[in-house]
Amino acid sequence: LPWIVKLRYGMQAGLAALAAGAQFGFGIELPLGWLVGVVAALAATNLLAYPFAGRVGDRVAVGYLLVADVVGLTLMLALTGGPANPLSLLYLVQICLSAVVLSKAWTWILGGLSTLCFGLLFPLHAPMPVLEAHHHGGGISIHLGGMWIAFVAATLLITVFIGRVSEALLWRDREVLARQSLLARHERLASVATLAAGAAHELGTPLATIAVASRDIEYQATNRPPADPELAEDARLIRAEVERCRGILRQMSMWGADPPGESPGRVDVEELLDRVREEVPAAERARVRVVKPEAGVAAVLPAEAVRQALAALVKNGLDASKAGQAVRLEAARAG
């Protein structure tokens, strides 16, 4: 719609300039007052196009604008010689525009209306003798010169418009290719997510075996002489890391293939902070200083998403801090 409106402004300015040129350049007496009124009425339809399009849609608005152009061109031709006016060739412009941007039904409507209006010009027009004769002496008559001017104008309008439409189609093809590429990336990500969910299920068994073995090692290091406290601590660390891996794999299996949305719920803040601290590896957990609010403080939020976000922040803080430096995680009530 915006480009059609700009095109119509150009066409209306061209018609006004052509009428002025014929009147003052070639000395042809024209009813300039009526012609200016028709051009002004067509320009007014441009101003009404956008509010009208908001109610009926862009395509319908463009169709009515082209109908107004056919009617306006008919009135101008009727005032300036009717079918003898070579600018009758401009009827083809509206039909071409409709064929490119509108439906087949609109094209048939505009084609039929243009045919009807052109036919009405034969009995209903103000004659202009200067346009009646095709030849004047041995040179080119005003009628033949006007036909050439009309042909040039129609050619320029159609060529410019078709070129613009071709650019739009090329841009659309590029957009389609970009969307296809994006869709392919999404499909690859979906396949990776599905693979991750399957791997999570498969890795559950070896992790369970490692957990059992580490428990046995801890038992032997603790209860059978000679006792080995360091080995028992290593076994507990292995089991803690295994539990952490199993938690991650559970999330992968639940969220990997088809991530559901999480609804906010009422969560105890103190319990949430404890869960965040448990996400930290046991060797680094002592560096995390948790400052809890007063007892009984709750918040409405998506618990799992918040827990993951806070745990990631705490781990980033540990990585960015010096060895042994504490990371403070504090929750406080505001309001």
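Here the structure is shown first, and the text comes after it.
Since we're looking at a predicted model, the values are computed, not measured.

About the criteria used
- Residues numbered from 1 in each chain as written.
- Predicted model: local features only at pLDDT ≥ 70, side-chain atom pairs only at ≥ 80, totals over all residues.
- Heavy atoms only, no water.
- Helix = DSSP H or I, 4+ residues; strand = E, 2+ residues; numbered from the N terminus.
- Buried < 20%, exposed > 50% of the residue type's maximum accessible area, 1.4 Å probe, protein only.
- Contact = heavy atoms within 4.5 Å.
- Areas by Shrake-Rupley, 256 points an atom, 1.4 Å probe, with all protein chains shown as cover.
- Pairing = 2+ DSSP bridges.
- Axes fitted to C-alpha atoms, helices over the stretch in contact; angles between N-to-C directions.
- Parallel < 35°, antiparallel > 145°, perpendicular 65-115°, else oblique.
- Patch = residues over 30% accessible without salt bridge, like charges linked within 9 Å, V, L, I, M, F, W, Y side chains within 5 Å.
- Salt bridge = Lys/Arg side-chain N within 4 Å of Asp/Glu carboxyl O.
- Expected span 1.5 Å × (residues − 1).
- Arc of directions from axis to C-beta.
- Core = buried A, V, L, I, M, F, W, Y, C linked by side-chain atoms within 4.5 Å.

A. Geometry of the overall build of the protein. A count of helical and extended segments in the protein gives 11 helices and six strands. Across the 335 residues that make up the protein, the buried fraction comes to 30%. Excluding contacts between residues fewer than 6 apart, the proportion of contacts in the protein whose partners are at least 24 apart in sequence is 76%. Per element, the accessible surface of the protein, about 20,500 Å² overall, is 66% carbon and sulfur.

B. The arrangement of unusual backbone geometry in detail. At the junction of P225 and P226, the peptide bond is cis and its omega measures out at -5° in the coordinates. As for its placement among the helices and strands, P226 is situated in the loop between helix 7 (142–223) and helix 8 (229–255).

C. Seen up close, the side chain of S88. For S88, the location among the structural elements is in the loop between helix 3 (58–79) and helix 4 (91–101). Not counting chain neighbours up to four residues away, the residues in contact with S88 comprise L77, P83 and F118.

D. Structural context of the environment of D69. Within the secondary structure, D69 sits in helix 3. Taking C-alpha positions, D69 is 8.9 Å from Y91, a pair spaced 22 residues apart along the chain. In contact with D69, not counting residues within four places along its chain, are R8, Q12, L42 and Q94.

E. Here's a closer look at the pairing of strand 6 (residues 327–330). By the alternation rule, side chains of strand 6 split into V327 and L329, which are all buried, and R328 and E330, of which none is buried. Relative to strand 6, strand 4 (residues 288–291) runs parallel, the two being bridged by four bridges. Counted as the bridge partner of R289 is R328 from strand 6.

F. Expanded view of the packing of helix 2 (residues 32–56) against helix 3. One way to put it is that helix 2 packs onto helix 3 with a least axis distance of 9 Å and a crossing angle of 170°. It follows that helix 2 is roughly antiparallel to helix 3 by the angle criterion. Across from W34, L35, V38, V39, L42, T45, A49, F52, A53 and V56 in helix 2, the residues of helix 3 making contact are D58, V60, A61, Y64, L65, A68, D69, G72, L75, M76 and L79.

G. Inspection of a nonpolar patch on the surface at higher detail. On the surface, L116, L120 and L124 cluster together into a nonpolar patch covering about 300 Å² of accessible area. Since its relative accessible area comes to 56%, L124 is described here as exposed.

H. Fine view of the pattern of salt bridges. Taken as a whole, this structure holds 14 salt bridges when the rule is applied. A salt bridge links D69 to R8; its shortest N-O distance comes to 2.7 Å. Here D69, found in helix 3, pairs with R8, found in helix 1 (residues 2–24); they are 61 residues apart in sequence, far enough to count as distant. Overall, D69 belongs to the buried group, its relative accessible area being 7%. Taking the relative accessible area as the measure of exposure, R8 reaches 1% and is therefore buried. E243 is the salt-bridge partner of R246, the closest N and O atoms lying 3.4 Å from each other. Of this pair, R246 and E243 both sit in helix 8, separated by three residues, roughly a single helical turn. On the basis of relative accessible area, R246 is assigned to the partly exposed category, the value being 29%. For E243, a relative accessible area of 36% gives the class partly exposed. Several salt bridges converge on common partners, so that one network encompasses E218, E233, R236 and R239.

I. Spatial organisation of helix 11 (residues 303–320). Taking 1.5 Å of rise per residue, the 18 residues of helix 11 would be expected to cover 26 Å, and the 26 Å separating its terminal C-alpha atoms lies within 8% of that figure. Turning to helix 11, its buried residues number three or more, namely A303, E304, R307, A311, V314 and L318. Across the axial projection of helix 11, the buried residues extend over an arc of 95°, all falling on one side. Exposed positions of helix 11 whose direction lies more than 90 degrees from the buried face are L313, D319 and A320.

J. Main features of the environment of A299. With respect to the helices and strands, A299 occurs in strand 5 (residues 298–301). For A299, a relative accessible area of 23% puts it in the partly exposed group. Remark: the alpha-carbon pair of A299 and V269, spanning 30 residues in sequence, is separated by 6.6 Å. With near-sequence residues (within four places) excluded, A299 lies in contact with G265, R266, V267 and V269.

K. Examining the nonpolar core more closely. Core analysis: the biggest nonpolar cluster contains 38 residues, and L1, L30 and Y91 have the highest contact counts within it. Of all elements in the fold, only helix 1, helix 2, helix 3, helix 4, helix 5 (104–121) and helix 7 reach the threshold of two or more residues within this core. The element contributing the most residues to this core is helix 3, with nine residues. Not counting chain neighbours up to four residues away, the residues in contact with Y91 comprise V70, L73, T74, L77, S114, C117, F118 and L121. Within the second largest apolar cluster, 12 residues are counted, among which are V297, L318, V327 and L329.

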